[in-house]
Structure formats: C-alpha cells, structure tokens
Amino acid sequence: MPQSVIDFWHWFWPIAPGICVCLLGAEALAITLIPVKALEERKWIKRAAIIVCFILAGGEIWMVKLDRKATDEQHKHDMQDIFDRFVKLDQDVLALHSNAPVTAATRSLPTDNLKRQAVDLSNEILSFLISREAPPGYGQGGYGEGPFGGKPTDTKDYDAQTMRSYFDAFQIRVNRMHDGLKKRGLTDPEFDTDYANTVNTYSIRTIAQRIAALAKRLPG
C-alpha cells in the first residue's frame, strides 16, 4: 500500500466517527435552502434525501462500531504491555532476592575476590533493571503511552536508552567477568549466548542470573 494512502488513513481515522453526522447536517441545511416549490415539482429530491439520510445514519453507526472495536483492541494491547512489563519487574525482584544468601556469604570476602565481584555485579545489574523496567508514569496516563505528571513517555525510546545505559555502565565489567570465570573453567551456554548478543532486558536479566549461578560454584 502506498505510503501516501497510509498517511491519509492515519490522519482520517481519528476524525472518521462524526463525519456522517456532519454530512447529514449539511444535507439537512441544503434541503432547507431549496425552494418549497422546487421540492414539490421535483419529488425525487425528497426521496433521494431520505435515502441519503438512512445511508449516512447507517454509515455513522458502522464507523462508531469500528472505532469502539479499535479502541478496545488498543486498550487490550496496552494493558497486556503493562502486564508484561510488571511481570518482568517481578522477575527482576525475584532474581535479586535469590541472590541474598550468597550475597550475605560473600560479605566477609575481600573486595577483589572473584566470587564477591561476580555476586556484586549480578546484584547491580538486577537493581539497574528494576529501576528501568517501567518508564516514569507508565500505565497511569493513556494506558502507558501518554504523559503523566508532565513527563512524556515513549517506551521504544526509553527501552533503547535502557540498553545504551547498560552497555555504558556494565559492558566492560561483564566482559571481564566472563573472561575471569572462563579462566576458572566456569562457563554457561546461556551466559555465552546473551553475552555475545545482548538485545533486550531479557538478555540482561539472563546475564545477571547466570553470573550469580556461576559465582555460587566458586570456592570461598
């Protein structure tokens, strides 16, 4: 489909409900401007006006029905997206909580100990994810995409910024940790896959979880 047609449709659809009512009003006005004598002489005008009236009324009902259906579908999509984001947030919290025992056990180790560094890195990544899973005001205005408290939200841009922030803050440390664990003979297929191809927050969470799992296998 040509882009011009798509652009026109995106422009037209928000104002579609009500178009038929406007046309019906224009028809009613036009009828009043026609002289009574002309209407009496040309009876087909009345019949045509009645037919057009029913067509426009039916068209308005159809457009309102389509608009309501589209609104309901968008609402379901937005609510599902909100649910998915908070499911991921719950997964991050559970992963961080599961690190608590090994975190406590490594507090007595030196700060340069690999096991302690691995656990600390895993905790920091998970804490970062918890702070970034949902944009400010998400789910409170326009079902997630609208502004709330004067803060416009664009989830795609926000997620892209999350990935950039992760790479800036953690990529070098994750690289070093991956190499350090590998030298100790500790590898994990999931860790290797997501380490080599970190594409989203799911990959980031997997990296944090696998680092913690490998850390638990270290002595100390």
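Residues numbered from 1 in each chain as written. Predicted model: local features only at pLDDT ≥ 70, side-chain atom pairs only at ≥ 80, totals over all residues. Heavy atoms only, no water.

### With respect to the overall build of the chain
Quick reminder of the rule: Counting from the N terminus, the helices are the DSSP runs of H or I reaching at least four residues and the strands are the DSSP runs of E reaching at least two. Accessible area is worked out with a 1.4 Å probe on protein chains only. A residue is then buried under 20% of its type maximum, exposed over 50%, and partly exposed in between. Should any heavy atoms of two residues lie within 4.5 Å, those residues are counted as being in contact. Each accessible area is a Shrake-Rupley result for a 1.4 Å probe, and residues are judged covered by the shown protein chains and nothing else.
Within the chain, the regular secondary structure consists of nine helices and zero strands. The helix and strand sequence of the chain, counted from the amino end, reads α-α-α-α-α-α-α-α-α. A total of 220 residues make up the chain; the buried ones form 34% of that total. Pairs at least 24 residues apart make up 67% of the contacts formed inside the chain by residues separated by at least 6 positions. For the chain, the exposed surface amounts to about 13,900 Å²; the carbon and sulfur share of it is 62%.

### A look at helix 9 (residues 201-215)
To be explicit about the condition: An expected span of 1.5 Å times one less than the residue number is assigned to each helix. Polar contact criterion, stated in full: a pair of N or O atoms within 3.5 Å, where within protein one must be able to donate a hydrogen and the other to accept it, and residues adjacent in sequence count only if both atoms are side-chain atoms.
For helix 9, built from 15 residues, the straight-helix expectation of 21 Å at 1.5 Å per residue is met to within 8% by its first-to-last C-alpha distance of 21 Å. Within helix 9, 11 of the 15 residues are buried, leaving the element largely enclosed by the surrounding structure. Tucked inside the fold, the buried residues of helix 9 contact helix 4 (44-98), helix 6 (114-132), helix 7 (155-183) and helix 8 (189-196). The opening residue of helix 9, the one whose side-chain oxygen lies 3.1 Å from the backbone nitrogen of tyrosine 202, is asparagine 200.

### Let's talk about the pattern of salt bridges
Here is the rule we go by: Whenever Lys or Arg places a side-chain nitrogen within 4 Å of a carboxyl oxygen from Asp or Glu, that contact is recorded as a salt bridge.
Under the definition given, this model contains seven salt bridges. The residue aspartate 92 makes a salt bridge to arginine 205 at a minimum N-O spacing of 2.5 Å. Here aspartate 92, found in helix 4, pairs with arginine 205, found in helix 9; they are 113 residues apart in sequence, far enough to count as distant. Note on aspartate 92: relative accessible area 0%, which makes it buried. On the accessibility criterion, arginine 205 (3% relative accessible area) is buried. Salt bridges sharing partners connect three or more residues here, namely Lys88, Asp92, Glu133 and Arg205.

### Structural notes on the packing of aromatic side chains
As a reminder, the rule being used: The rule is short: rings of Phe, Tyr and Trp, with Trp giving its six-membered ring, pair when the centres are within 6.5 Å, and they are stacked under 30 degrees, edge-to-face over 60, tilted in between.
According to the stated counting rule, one finds four aromatic pairs in the structure shown. Each ring, one from tyrosine 166 and one from phenylalanine 167, has its centre 5.5 Å from the other, and the planes form 65°; the classification is edge-to-face. Since its relative accessible area comes to 0%, tyrosine 166 is described here as buried. Plain terms: the ring middles of phenylalanine 191 and tyrosine 195 are 6.0 Å apart, the flat faces sit at 65° to each other, and that makes the pair edge-to-face. Of the two residues, phenylalanine 191 and tyrosine 195 both sit in helix 8, four residues apart, roughly one turn of that helix. For phenylalanine 191, a relative accessible area of 1% puts it in the buried group. We classify tyrosine 195 as partly exposed; its relative accessible area is 22%.

### Quick notes on the packing of helix 7 against helix 8
Stated formally: Every angle, taken between N-to-C directions, lies between 0 and 180 degrees, and every axis is a line fitted to C-alpha atoms, over only the stretch in contact when it is a helix. Here a crossing is called left-handed whenever its near helix is offset anticlockwise from the far helix by less than a right angle, and right-handed whenever the offset is clockwise. Polar here means any residue outside two lists: the nonpolar Ala, Val, Leu, Ile, Met, Phe, Trp, Tyr, Cys and Pro, and the charged Asp, Glu, Lys and Arg; Gly therefore counts as polar.
Taken N-terminus to C-terminus, the directions of helix 7 and helix 8 make an angle of 145°; their axes are 12 Å apart at the nearest point. Crossing of helix 7 against helix 8: the hand is left-handed. Contacts between helix 7 and helix 8 pair Gln171, Val174, Asn175, His178, Asp179 and Leu181 from the former with Phe191, Asp192 and Tyr195 from the latter. Classifying every residue of the contact of helix 7 with helix 8 gives four nonpolar, three polar and two charged.

### Topic: the nonpolar core
Quick reminder of the rule: Throughout this description, the term nonpolar core refers to a set of buried Ala, Val, Leu, Ile, Met, Phe, Trp, Tyr and Cys residues connected via side-chain atoms within 4.5 Å.
Of all hydrophobic cores here, the largest spans 25 residues; its most connected members are Ile125, Tyr166, Val174 and Leu181. Listed by contribution, the elements that provide at least two residues to this core are helix 6, helix 7 and helix 9. Contacts of tyrosine 166, omitting those with residues within four sequence positions, involve Ile125, Phe128, Gln171, Val174, Thr198, Ile204 and Ile207.

### Describing the environment of phenylalanine 167
The residue phenylalanine 167 is located in helix 7 in this model. In this structure phenylalanine 167 comes out as partly exposed when scored by relative accessible area, which is 32%. Expressed as a C-alpha distance, the spacing of phenylalanine 167 and threonine 198, which sit 31 residues apart in the sequence, is 9.2 Å.

### Concerning the confidence of the model for the chain
Applied cut-off: Looking at any residue, its pLDDT shows the predictor's confidence there, from 0 to 100.
Across the chain, pLDDT averages 81, with 83% of residues at or above 70. Counted against residues more than four places away or in other chains, residues 142-152, with its pLDDT under 50, gives 19 contacts.

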